[in-house]
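# Fold and geometry: a report
The lines below spell out each chain.
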Amino acid sequence: MTEAKPYSISKHLVLEAWRLVRANRGAAGVDGESLAIFEKDLKKNLYKIWNRMSSGSYFPSPVRLVEIPKGDGKLRPLGIPTVADRVAQTVAKMVLEPLLEPVFHPDSFGYRPNKSALDAVGQGRKRCLEMDWVIDLDIRDFFGSLDHELMMKALRHRTEVQWVHLYAERWLKAPLQREDGSLEPRVSGTPQGGVISPLLANLYMHYTFDEWMRRKFPQVPFERYADDVVIHCVSQKQAGFVLEAVRRRLKDCKLELHPEKTRIVYCKDDRRRGGFSAHEFDFLGYTFRPRTSCVQGRRPFVGFLPAISNKAVKQIKETVRDWRRRAWGTSLALADVAERLNPAVRGWVAYYGRFYRSKCLDVLGHYLTESLVRWAMRKYKRFRRRWGKAYCWLGAVASRNSNLFYHWSLGLRPTAGR
């Protein structure tokens, strides 16, 4: 007679978790096992995960630490679990998420079903038109600072599923493995890159911030996307009072506001002409600041509006510059370059063109044209050191095939007669 498992976990759930992990792709963890290698013996590997999770004997491997450059020149640590651990975390997420979703605050937008960063930007835009002041919060090293004891307290409060408690605590404490193989114990935080990390981080901030704001300041709206938070206030005095209260609250929950990046901003526009020095802030790749806006049938006016941020522009330019150097070899035809570039440009326009679209298109039009002209100057000897000729050649191609590049189809084409 087979001994009953202490935890009831469906084999079908493990299979569904694998399908999600495979669809999301991702790199190998510390064991070097890729998705393709894992799939070669899929039945055995999935059974092993199910058996160990059901029996309580599942222990995660160390998390591979990868550091990627941030926009400010610093490095962002990412933790990459093994494929097996990603499957196990997805199993837990599939059980936990339906329990937490009904509880989460409507203005929490990060990593949630049917919510997006653009939803948060749109809500922020609406409220900046209605309220004069903003608190731009920046939490220092949020994902690295989450207190494990408080995290587990929140998790136990929201669910009685014992195996979720057991494995969540093990994932939180799994050490980081650096490139040299050395292990770094983890006493706080949850690694960015883990499947379960965003959900746990949202739960932590739900009790640390969202629910606390609902109780203490029910008339003060906000938008939160993970650790990016914007709070709206009716006066500078209210903003100062709320900011200090939030600072104390986060300190009580083992978090710290960045002293230089956290600030109060005045939403200056045609109706608001005060002299407060700070009148712009960045949120989710957009810069909110006074901008001239034109609406059909009305005279131009200055509104406090979001558009693609300089930081996002810089990242796009660096990405295209890197492609031009590495991927756009002179052996490629122009159509090959278009095939590689178009998916990214569609994504950039879809995201950064949602609000104040002209700024996004202006940036992309100028820089992509410049990059393609430089590529043509390298590929064709007749264009070496002849910018004008290369530009006119590209314009002639665009006039014959205006849909070759996605941005050309939007009217961002070079002209043949320049």
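What counts and how
Residues numbered from 1 in each chain as written. Predicted model: local features only at pLDDT ≥ 70, side-chain atom pairs only at ≥ 80, totals over all residues. Heavy atoms only, no water. Helix = DSSP H or I, 4+ residues; strand = E, 2+ residues; numbered from the N terminus. Contact = heavy atoms within 4.5 Å. pLDDT = per-residue confidence, 0-100. Pairing = 2+ DSSP bridges. Axes fitted to C-alpha atoms, helices over the stretch in contact; angles between N-to-C directions. Parallel < 35°, antiparallel > 145°, perpendicular 65-115°, else oblique. Left-handed = near helix turned anticlockwise from the far one by under 90°. Nonpolar A, V, L, I, M, F, W, Y, C, P; charged D, E, K, R; others polar.

### Considering the environment of Lys254
- By the secondary structure assignment, Lys254 is in the loop between α10 (236–252) and β8 (263–266).
- Taking the C-alpha atoms as reference points, Lys254 and Asp270, separated by 16 residues in sequence, lie 41 Å from one another.
- Lys254 has contacts with Ser145, Asp147, Leu150 and Tyr204, leaving out every residue within four places of it along the chain.

### A few points about the confidence of the model for the protein
- Of all residues in the protein, 96% attain a pLDDT of 70 or more, and the chain-wide mean is 92.
- Averaged pLDDT values for the elements of the protein fall to 86 in strand β2 (residues 75–80) and rise to 98 in strand β6 (residues 222–225).

### So, the sheet that holds strand β5 (residues 183–184)
- The sheet built from 4 strands is open, its strands ordered β2-β1-β4-β5 with mixed pairing. At either end of the open sheet lies a strand with only one pairing partner, and these are β2 and β5.
- Note that strand β1 (residues 63–69) and strand β4 (residues 176–177) share 2 bridges and pair parallel. What sits directly across from Val63, in β4, is Leu176.

### Re the packing of helix α4 (residues 83–100) against helix α9 (residues 197–216)
- Relative to each other, α4 and α9 sit at 30°, their axes nearing to 11 Å. Between α4 and α9, the crossing angle belongs to the class labelled roughly parallel. Crossing hand, α4 versus α9: left-handed. Between α4 and α9, the residues in contact are Lys93, Leu96, Glu97 and Leu100 and Leu199, Leu200 and Leu203, respectively.
- The residue inventory of the contact of α4 with α9, partitioned by class, reads 5 nonpolar, no polar and 2 charged.

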